[in-house]
Amino acid sequence: MREMISMIVVLTVLASVSGGLLAAVKSGTELRIEEQVLKFQKAPAIESLFSDVTNDPLKERFNLDTGETTIQIFPGKMPDGSMAVAFETLGKGGYGGDIGLMVAIDMDKDQLVGARVTTHAETPGLGSRAKDDLTFVSQFNDKSLDTNLALKADDGTISAISGATVTSRAITRAAIEAQTLYNDLKPEIMKQIQ
Amino acid sequence: MAQSLAKEFTKGLWAEIPPFRLVLGLCPTLAVTKSVENGIGMGLATTFVLVFSNLLISLLRNVIPTKVRIACYIVIIATFVTIVELVMQAYTYPLFLKLGIFIPLIVVNCIVLGRAEAFASKNNPVMALADGLGIGIGFTLSLASLGAVREILGAGTITIWGGSPIFDLSHWFHPFTFMVEAPGAFAALGLMLAGMNLIGKK
C-alpha cells in the first residue's frame, strides 16, 4: 500500500512540475517563435507578392477570429491605391503533407494579386518546384475572384506542374479555400482596415 | 575521484561512442546526417537532453520507485526534449525546420533512455553529468563526421553552420548523390562502423 502511494505521489508531482515548467517555457518563447515563423515562413512570400506596396504589411498585420481558428491578415496598399490583403491557407493532400499557400487578394478590384507557397514537404526537384519556380503559382496572378481555381484536370483553369499533379492539386485546394475564406471574412476585414 | 570522473567522460568519446560502439541511436544518425550542420545541430540537441536528464534522474534516483522508473524517466526526458524543441523554434528556426520530426524523436532515442537506466539511476549526479556530456559529445562528433562523409561525397559541399557551405567542390566532380539518400546513409554508416572495428581491434 505504501509502495502504491509513493508511486502515485512521485508520478503526480513529477508530471505537475514538468507541466508547469513546459507551460513557462512555452509562454516565454511564444513571442519569439511567432517572430521567427513570420520572418522565415511568411515574410518571403509577402515580400514577393507585395513587392511594390506603399505600406509595411508585416508591421500592419492583424488577427481575425473565424470562430474555428485565428487568421493572420497582412494588408497591402497597392501602388494604384487599391487595398489588398494577404493571408495563408493550408492545402490538404500534398504528397508529403499539407502545403501552405500565401494568397493576396485585391479587395477593390475583387481579384487575386497572386499566390506563393510558404511551407511544404514535397519531393525535391518535383513538387518543390511549386515554391522554387514561380511559373506554376504565377497562374494565380490577377485572376478574378469568381474564377474556378481547380486544376484543368478537375474542370478548372489551372495547369498542373508536369509530374507533380498531387502537389498542384493540394495548392489549388489552398487557393480555393482562400477564395471561400475571403468571401466569408470580407465584411470583417473591411471593418478592420478602416 | 577525478580520474574516474575523467574516465566516465572520455569513454563516451571513443570506447563507448554511440552509434559506432554502443550501436544505439541509429535512426537519427541515418536520417539527419545529410550535412555536417544538421548532424551538429541534432548532436547538440541530444547532448542537452542527455546531460539534463542524466543529472535530474541521478538526483532523483533514491526517490523514484523502481516499479514506475521507466515512466518517470520518460516524463523527464520528454520535458527536456520539448524544451529543446521550443528553444530551437525560437532561436534557430531554419535548423528546426531542417531537423523536423527528428527533434521530438529524441525522446525515444535509445541512447538517452539507455544511459538513464544503465548509468544515471545507479550513480551520483557528478558522474552522471560526466557520462551524459561525454556520450553526448561523442554522438555529436559521430554525427558530424558521418555528415561530413555523406555531404562531401553526395553534394560536394561542407556546411558547418548558418546554411551556406564553407566550400563547394560540386563544380569539380559530379556528386555521388547516392550518399545523401537513404541507402547511402546505411552504406556510409556500415563502412565507418567496419573501419572503427578494424582500428579498435587489438
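Quick look at the structure, then. Worth saying up front: this structure is predicted, and the values here are computed from it rather than measured. (Residues numbered from 1 in each chain as written. Chains lettered and ligands numbered in written order. Predicted model: local features only at pLDDT ≥ 70, side-chain atom pairs only at ≥ 80, totals over all residues.)

### Some details on the interface of chain B and chain A
Phase 1: With 17 residues of chain B at the interface, the matching set in chain A holds 17 residues.
Phase 2: Those elements that place two or more of their residues in the side of chain B that touches chain A are helix H4 (69-91) and helix H5 (93-99) of chain B.
Phase 3: A total of ten residues in the side of chain B that touches chain A trace back to one element, the largest contributor, which is H4 of chain B.
Phase 4: Looking at the side of chain B that touches chain A residue by residue, the class counts come to 13 nonpolar, three polar and one charged. (Contact = placed C-beta atoms within 7 Å. Helix = DSSP H or I, 4+ residues; strand = E, 2+ residues; numbered from the N terminus. Nonpolar A, V, L, I, M, F, W, Y, C, P; charged D, E, K, R; others polar.)

### Some thoughts on the sheet that holds strand E3 (residues 83-94) of chain A
Within a beta sheet, neighbouring strands are joined by backbone hydrogen bonds and run either parallel or antiparallel to one another.
Residue and element names in this part refer to chain A.
Phase 1: Ordered by their spatial adjacency, five strands build an open sheet running E1-E2-E3-E4-E5, and the pairing between neighbours is antiparallel. On the outer flanks of this sheet lie strand E1 (62-65) and strand E5 (111-117), each paired with one strand and no other. Averaged over all pairs of adjacent strands, the angle between strand axes in this sheet comes to 35°, irrespective of strand direction.
Phase 2: When E1 meets strand E2 (residues 70-77), the two strands line up antiparallel, connected through four bridges. Note on E2: the bridge partner recorded for Leu64 is Ile71.
Phase 3: In the packing of helix H3 (residues 165-193) onto the sheet, the strands contacted are E1, E2, E3, strand E4 (97-106) and E5, and the crossing angle to E3 comes to about 145°. (Pairing = 2+ DSSP bridges. Axes fitted to C-alpha atoms, helices over the stretch in contact; angles between N-to-C directions.)

### Quick word on the environment of Asp142 of chain A
Residues and elements named next belong to chain A.
Phase 1: Counting through the fold element by element, Asp142 comes out in the loop between helix H2 (129-132) and H3.
Phase 2: Judged by C-beta crowding, with 11 C-beta atoms within 10 Å, Asp142 ranks as exposed.
Phase 3: Excluding anything up to four places from it in sequence, Asp142 contacts Gln111 and Leu112. (Buried ≥ 20, exposed ≤ 12 C-beta atoms within 10 Å, placed from the backbone.)

### Let's talk about the pairing of E2 of chain A
Residue and element names in this part refer to chain A.
Phase 1: What sits between the antiparallel neighbours E1 and E2 is a turn of four residues, in which Gly67 has the positive phi angle 100°.
Phase 2: One ladder, built from four bridges, connects E2 with E3; its direction is antiparallel. Across the sheet, Gly76 pairs through a bridge with Ala84, a residue of E3.
Phase 3: Counting the residues between successive antiparallel strands, the hairpin from E2 to E3 contains five residues, one of them, Gly81, with a positive phi of roughly 100°.

### Observations regarding the environment of Val180 of chain B
All names here are of chain B.
Phase 1: Its location among the elements puts Val180 in the loop between strand E2 (167-168) and helix H8 (182-200).
Phase 2: Note: C-alpha distance between Val180 and Leu95 (85 residues apart in sequence) is 17 Å.
Phase 3: Setting aside anything within four residues of it in sequence, one finds Val180 in contact with Lys34, Arg150, Gly154 and Ala155.

### Some thoughts on the packing of helix H1 (residues 2-49) of chain A against H4 of chain B
Phase 1: Look at H1 of chain A against H4 of chain B: their axes get within 8 Å of each other, and the N-to-C directions meet at 10°. When the axes of H1 of chain A and H4 of chain B are compared, the pair comes out roughly parallel.
Phase 2: For the contact of H1 of chain A with H4 of chain B, the class distribution of residues is 15 nonpolar, six polar and two charged. (Parallel < 35°, antiparallel > 145°, perpendicular 65-115°, else oblique.)

### Observations concerning unusual backbone geometry
Phase 1: Look at the link from Pro18 of chain B to Pro19 of chain B: it is a cis peptide, with omega at -5°.
Phase 2: Unusually for a residue other than glycine, Asp110 of chain A sits at a positive phi of about 55°.
Phase 3: With respect to the helices and strands, the residue Asp110 of chain A is situated in the loop between E4 and E5.
Phase 4: Owing to 14 C-beta atoms within 10 Å, Asp110 of chain A belongs among the partly exposed residues under this scheme.
Phase 5: At Val23 of chain B, a position not held by glycine, the phi torsion is positive, near 45°.
Phase 6: Inspection of the secondary structure assignment puts Val23 of chain B in the loop between helix H1 (2-11) and helix H2 (26-31).
Phase 7: Given 11 C-beta atoms within 10 Å, Val23 of chain B falls into the exposed group.

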